[in-house]
Amino acid sequence: MSETGLVPVNCTPAGPRAPLRLASLLACGSILAGVPSLADAQTQPAPTQPAPAQSAPAQPAPAPRANTIRTIAVVGAERLEPNTILSYVRLRVGQEYTAAAADEAIKDLGATELFANSSIRNEGGNVIITVTENPVINRIVLEGNKRLKNDKITPEIKLAPRQIFTRSKVRADVARIIELYKRQGRFAAKVEPKLVQLPQNRVDIVFEITEGPKSKVRQINILGNEKFSDGELRGEMVTKQSRLTSFFSSNTSYDPDRLAFDQQKLRQFYLTEGYADFRVVSAVAELTPDQRDFIITYVVEEGERYNFGEVKVDSQLRDFDSDVMSTQLPMKEGDFYNAKTVEDTVEQLTELAGRYGYAFADVQPRFRRDPEGRKMNVTFTLREAPRVYVERVDINGNTLTQDKVIRREFRLAEGDAFNSLAVQRTNARVNSLAYFQENFEVKQVEGSAPDRIILEANVEEKPTGELQFSAGFSSIEQFILAGSIRQRNFRGRGQTIGLSINYSQFSRSAQVSFSDPYIFDRNISGGIDIYRRDFNSFNFTGNDRNTTFQQATTGFSLRAGVPLTEYMALIGSYTLNYDDVSLDESLFFSDLDGNGTTECDPLRAGRFLCDSIGKRLSSIVGVSLNYNSLNSRIRPSRGKTITLSGEFAGLGGDVRYVRFRGRAQQFWNVGNSGFIFSVLAEGGTIIPLQERAGAGVDDVLLTDRFFLGEPQFRGFAIRGVGPRILTQQSILNNVGQPVLDANGNPTYVTEHNQVRDDAIGGRNYYLGRAELEIPLGSGARELGLRPSIWADIGALWAVETPVLTVNPSGNQQRNADGQLLYQVLATGDLTTLAVQPDGTVNRRVLVAGTNIRELFLGNSASPRITAGIGVNWNSPFGPFRIDVSQTIRKVEGDDERRFTFNVGTQF
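Residues numbered from 1 in each chain as written. Predicted model: local features only at pLDDT ≥ 70, side-chain atom pairs only at ≥ 80, totals over all residues. Heavy atoms only, no water.

(A) Molecular detail of the overall build of the chain. Summing up its helical and strand segments, the chain has 16 helices and 40 strands in all. Per-residue burial over the chain gives 39% buried out of 907 residues. Long-range contacts, defined as pairs at least 24 residues apart, comprise 60% of the intrachain contacts of the chain with a sequence gap of at least 6. Counting only carbon and sulfur atoms, one obtains 52% of the accessible surface of the chain, whose full area is about 49500 Å². (Helix = DSSP H or I, 4+ residues; strand = E, 2+ residues; numbered from the N terminus. Buried < 20%, exposed > 50% of the residue type's maximum accessible area, 1.4 Å probe, protein only. Contact = heavy atoms within 4.5 Å. Areas by Shrake-Rupley, 256 points an atom, 1.4 Å probe, with all protein chains shown as cover.)

(B) Layout of the nonpolar core. Counting 25 residues, the largest nonpolar core has Phe-308, Phe-320, Met-331, Tyr-337, Tyr-358, Phe-380 and Leu-382 as the members making the most contacts within it. Contributions of two or more residues to this core are made by strand S10 (307-315), helix H10 (339-355) and strand S12 (375-382). With 5 residues, H10 is the largest single contributor of residues to this core. With near-sequence residues (within four places) excluded, Tyr-358 lies in contact with Leu-317, Arg-318, Asp-319, Phe-320, Ala-353, Ala-385, Pro-386 and Arg-387. Ala-422, Phe-436, Val-442 and Val-459 belong to the second-largest nonpolar core, a separate cluster that totals 21 residues. (Core = buried A, V, L, I, M, F, W, Y, C linked by side-chain atoms within 4.5 Å.)

(C) Here's a closer look at the pattern of salt bridges. Summed over all chains, the structure comprises 37 salt bridges. Between Arg-411 and Glu-566 there is a salt bridge, and its shortest N-O distance comes to 2.8 Å. Residue Arg-411 is located in the loop between helix H11 (403-407) and helix H12 (420-433), and its partner Glu-566 is located in the loop between strand S21 (544-563) and strand S22 (568-583); the two are separated by 155 residues in the primary sequence. Judged by its relative accessible area of 27%, Arg-411 is partly exposed. Glu-566 sits in the partly exposed class, given a relative accessible area of 24%. (Salt bridge = Lys/Arg side-chain N within 4 Å of Asp/Glu carboxyl O.)

(D) Just the packing of aromatic side chains, in detail. Taken as a whole, this structure holds 15 aromatic pairs when the rule is applied. Seen in terms of ring centroids, Tyr-270 and Phe-278 are 4.0 Å apart; in terms of plane orientation they differ by 5°. Their pairing is stacked. By the burial criterion, Tyr-270 is buried, and Phe-278 matches it. Taken together, the ring pairs in this structure connect Phe-228, Phe-269, Tyr-270, Tyr-275 and Phe-278 into an aromatic cluster. A cation over a ring is seen here: Arg-369 above Tyr-306, with NZ or CZ 5.7 Å from the ring centre. A cation over a ring is seen here: Arg-533 above Tyr-531, with NZ or CZ 4.0 Å from the ring centre. (Phe/Tyr/Trp six-rings, centres within 6.5 Å; stacked < 30°, edge-to-face > 60°. Lys NZ or Arg CZ within 6 Å of the ring centre and 35° of its normal.)

(E) Inspection of the sheet that holds strand S6 (residues 202-210) at higher detail. Strand order in the open sheet formed by 3 strands is S4-S6-S5, with mixed pairing between adjacent strands. Edge strands, defined here as strands with exactly one partner in the open sheet, are strand S4 (136-143) and strand S5 (190-198). On average, each strand axis in the sheet is tilted by 20° relative to the strand beside it, whichever way the strands run. When S5 meets S6, the two strands line up antiparallel, connected through 9 bridges. Bridging across to S6, Glu-192 finds its partner in Glu-208. Contacting S5 and S6, helix H6 (residues 167-183) runs over the sheet at an angle of about 25° to S6. (Pairing = 2+ DSSP bridges. Axes fitted to C-alpha atoms, helices over the stretch in contact; angles between N-to-C directions.)

(F) Structural view of the side chain of Ser-215. Following the sequence through the fold, Ser-215 ends up in the loop between S6 and strand S7 (217-223). Among the polar contacts made by the side chain of Ser-215, one reaches the main-chain amide nitrogen of Phe-187 at a distance of 3.2 Å. Not counting residues up to four positions away in its chain, the partners in contact with Ser-215 are Gly-185, Arg-186, Phe-187, Ala-188, Thr-252, Ser-253, Tyr-254, Arg-292, Asp-293 and Phe-294. (Polar contact = N/O pair within 3.5 Å; in protein donor to acceptor, adjacent residues only side chain to side chain.)

(G) Just empty space enclosed by the protein, in detail. Per the stated rule, a full pass over the model turns up 2 cavities of 30 Å³ or more. Taken together, Val-655, Arg-656, Tyr-657, Pro-688, Gln-690, Asp-699, Val-700, Leu-701 and Asp-704 make up the lining of the second largest cavity. Along the lines of polarity and charge, the residues of the lining of the second largest cavity split into 5 nonpolar, 1 polar and 3 charged. (1 Å grid on protein atoms, 1.4 Å probe; cavity = no way out; pocket = protein on both sides within 12 Å on 5 of 7 lines; lining within 4 Å. Points joined across faces, edges and corners; volume = space filled by probe spheres on them. Nonpolar A, V, L, I, M, F, W, Y, C, P; charged D, E, K, R; others polar.)

(H) A look at unusual backbone geometry. Cis geometry is found at the peptide bond from Glu-710 to Pro-711, where omega equals 10°. Relative to the elements of secondary structure, Pro-711 occurs in the loop between strand S28 (675-688) and strand S29 (724-729). The backbone of Asp-521 shows a phi angle near 60°, a positive value even though the residue is not glycine. Here Asp-521 is to be found in the loop between strand S19 (507-516) and strand S20 (525-541). Here Asp-521 falls in the exposed class, since its relative accessible area comes to 52%. Positive phi outside glycine occurs at Ala-798, with the angle close to 75°. Here Ala-798 is to be found in the loop between strand S32 (785-797) and strand S33 (806-812).

(I) Here's a closer look at helix H8 (residues 256-272). Between its first and last C-alpha, H8 extends 25 Å over 17 residues, near the 24 Å set by a 1.5 Å rise per residue. Listed as buried for H8 are Arg-258, Leu-259, Asp-262, Leu-266, Phe-269, Tyr-270 and Leu-271. Against helix H7 (230-236), strand S8 (279-287), strand S9 (294-301) and H10 lie the buried residues of H8. (Expected span 1.5 Å × (residues − 1).)

(J) Local environment of a nonpolar patch on the surface. On the surface, Leu-467, Ile-485, Ile-497, Leu-499, Ile-501, Val-512, Phe-514, Ile-528, Ile-530 and Leu-558 cluster together to form a nonpolar patch covering roughly 860 Å² of accessible area. When residues of the nonpolar patch are traced back to their parent elements, those giving at least two are strand S18 (495-504), S19 and S20. At 3 residues, S18 tops the list of elements feeding residues into the nonpolar patch. Note that Ile-501 resides in strand S18. (Patch = residues over 30% accessible without salt bridge, like charges linked within 9 Å, V, L, I, M, F, W, Y side chains within 5 Å.)

(K) Here's a closer look at the environment of Ile-222. You can see Ile-222 is positioned in strand S7. With a relative accessible area of 6%, Ile-222 lands in the buried category. Taking C-alpha positions, Ile-222 is 8.7 Å from Arg-234, a pair spaced 12 residues apart along the chain.

(L) Summary view of the sheet that holds S10. The mixed open sheet is built from 3 strands, whose spatial order is S10-S12-S11. The open sheet terminates on both sides in strands that have one partner only, identified here as S10 and strand S11 (363-370). Neighbour to neighbour, the strand axes of the sheet diverge by 15° on average, direction disregarded. Where S10 meets S12, 7 bridges bridge the pair, whose relative direction is parallel. Its bridge partner being in S12, Asn-307 is matched across the sheet by Lys-375. Running over the sheet, H10 touches S10, S11 and S12 and is turned about 150° from S11.

(M) Structural detail: helix H4 (residues 99-111). Across its 13 residues, H4 extends 18 Å between first and last C-alpha, which sits within 8% of the 18 Å expected from 1.5 Å per residue. All of the buried residues in H4 are Ala-102, Ala-105, Asp-108 and Leu-109. An end-on view of H4 places all buried positions within 115° of arc, on one side of the element. Residues Ala-99, Ala-100, Lys-107 and Ala-111 are exposed on H4 and point more than 90 degrees away from its buried face. (Arc of directions from axis to C-beta.)

(N) Quick peek at the pairing of S11. Relative to S12, S11 runs antiparallel, the two being bridged by 8 bridges. Bridged to Asp-370 within S12 is Lys-375. Between S11 and S12, which pair antiparallel one after the other, the connecting turn spans 4 residues, and Arg-374 there sits at a positive phi close to 50°.

(O) The packing of H10 against H12, seen in detail. The interhelical angle for the contact between H10 and H12, taken along N-to-C directions, is 100°, at an axis separation of 6 Å. Compared by their axis directions, H10 and H12 come out roughly perpendicular. Note on element contacts: H12 touches H10 through Ser-420, Leu-421 and Gln-424, opposite Glu-351, Gly-354 and Arg-355. Among the residues making up the contact of H10 with H12, the classes are represented as 1 nonpolar, 3 polar and 2 charged. (Parallel < 35°, antiparallel > 145°, perpendicular 65-115°, else oblique.)

(P) Representation of the environment of Ser-860. Residue placement: Ser-860 occurs in the loop between strand S37 (846-857) and strand S38 (864-875). Given a relative accessible area of 23%, Ser-860 falls into the partly exposed group. A C-alpha to C-alpha distance of 7.7 Å links Ser-860 and Pro-723, two positions 137 residues apart in sequence. Leave out the neighbours within four places in its chain, and Ser-860 touches Ala-795, Leu-796, Trp-797 and Val-891.

Given below as structure tokens:
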């Protein structure tokens, strides 16, 4: 070992081929720089002279250049390891440092989107990378959004808490939010992202949203139309111009998809009018200068109008004769060409083939255009298709509802020949259950062979339990409280069980009900209702409602039905009611005989009320024949329903009568516009099977008669149509004596608000109605608004003319025996008889007081007619109905109502 403490290393090879170890090479350092290679050693001769005593001094090693990277350091890293950051760049120790390499490293760091800022500097070969890491997102906050709730916007935001914040992702989220508002028609919406700095390099992202007004379609311009006006063409479009009259419509907002759809609507309209060459040249939507609304401009070419030329059927199906079917086509040669008629004919032919079992029959119209003659020749080709049979029925998606509940609504079973009409009926029946999604349809899938088909029922169950509690106010019942619980699919068996309680100022009821459409899995329906109903009848003195009699009914009803055909059923029922009809004795009872015993006073209550009080048992057997082809039981748009019923009361009990009723209603879906037109006709009669003693006493009890008015006959008050008794007081002078007319008779008040009005019902009635439901925009539909225009016609009549009296109020004059005195109008004589043998009514004699006159009005079959507009609203408080009506025809005595509404109870 040398004095320096270093181990000497022999840097000279031992021989010409002696290898040098790697460690020795490293130790030799710069000395090896002058050593020749092994190849040189072999070619050069060995030195012949010894080395001089003192050699020349060694050359110093060259210093490294300043641009060579000696070290790389990372400054500013918090979450990330320095080695991780270095792996993102391509700078390495020993490389030459250049500005281009530094720029490339900055780009590499930016591409990671992990850093808010980065820089690189070189200090004599020591490269320092300084970074500022992007913060971590703590939470995301939405501010200013009112039209769109958070649950609508949040799915569009891809950033999330605990993710790394990046500007590009924020910009993308802003763009998605703005696009969401554009789809809602708000093209002026703005989104401003803001950061709230938090400790530990965390941030809250706040999207400040300015929603702006909804962009409307201010104007729709149409250029190139000559055959039809702008107004006619705008009426065919779904998009509407923003006007005051379109308040409830959501189609006034701009929607690019709707713009494309309107072009198709224009083409369809022209094709139905015979313009086969029509085309939309361009459709442009431009924002107005204020950036709030749009102006849409269509440029169209109408072309020439075509007529139908030769129209025929070419059938390849053996069950159809081409010539016979050609004669039955709805279009004839020479008619204006109508593409809608062609489409309808294709559907009808396809449906007809389906009825005969050709499930996949292919009906194709072939067109041959004659431009010179402007004729369109059409041939409907029915291509050969095998008769198809149902291989199986699959039911999927039902978790609660049992398979049999769905299968029993199918009009086709395994092995049956396919029939498209039966499939349509199945769709209607399953939809009418209201257990599953709306617009349910049976899916048709090809089976294991060409002549086999599989019917799939893919259902999505809806909640069928209902728990309701509501409070409301109506023009009929005043304040209303109602509560009910009902399960329409009890235990998944299709049974309905329910309990309901209702309370108002004038009526109270409680009912328990159960029904099963298939008793013991047989095609027999049945049900039972057990109830208690307390009803306070009333009359009106002007606009004041006064309680008259109270009727308490306790009873039950049993019913059972069997289907006769697909659409018809026969239902039998039995009802047992115990009725207790009473009057307030303090108001309507008097000591008529002066013996201290009070009884119903006809002068206070009216003879018709005194005849009705008492307790009675009603035993009623009924039968009804029902026909129903409606496409929906909840909100039908097509189909009809007919009900004929008869009831016999007298199988025991205290009352005897026969009652007949009939009701028919038809619905039509007017085109594809969403209008629903309906007509209704109903009527009834009741025939007494017992006689009740007394002059002017009807053989049918007041509580068993028909009544007509609001809500079934709009435009009139409750029980506002039909026979009634008006009670009028005489007019008094200053000294309290009646004011007499020129004939010496008292004069009476006629103002409606001073006259007592008592409806007494009738034996016969009829009612008719025509109504057109008007479609609104999707926004109004979501609110449950359904306006309509309507007209009603009806009448109620046929009741025994009651005995009327001209009588006093206050003190009543009596003879010595306490009997009431009357005055014979013809002679002026006093008598105790209210009515003469010839039926003449006598006037009651006063001691001192006011004469009261009773008028019997309204007993006429003459039609009453009203018309008006109304709106149904499924409000959060329950069904709401408002009507504004105009009376076109009425009979004296009828009680009109121009404005009526009802909230919180069924209509």
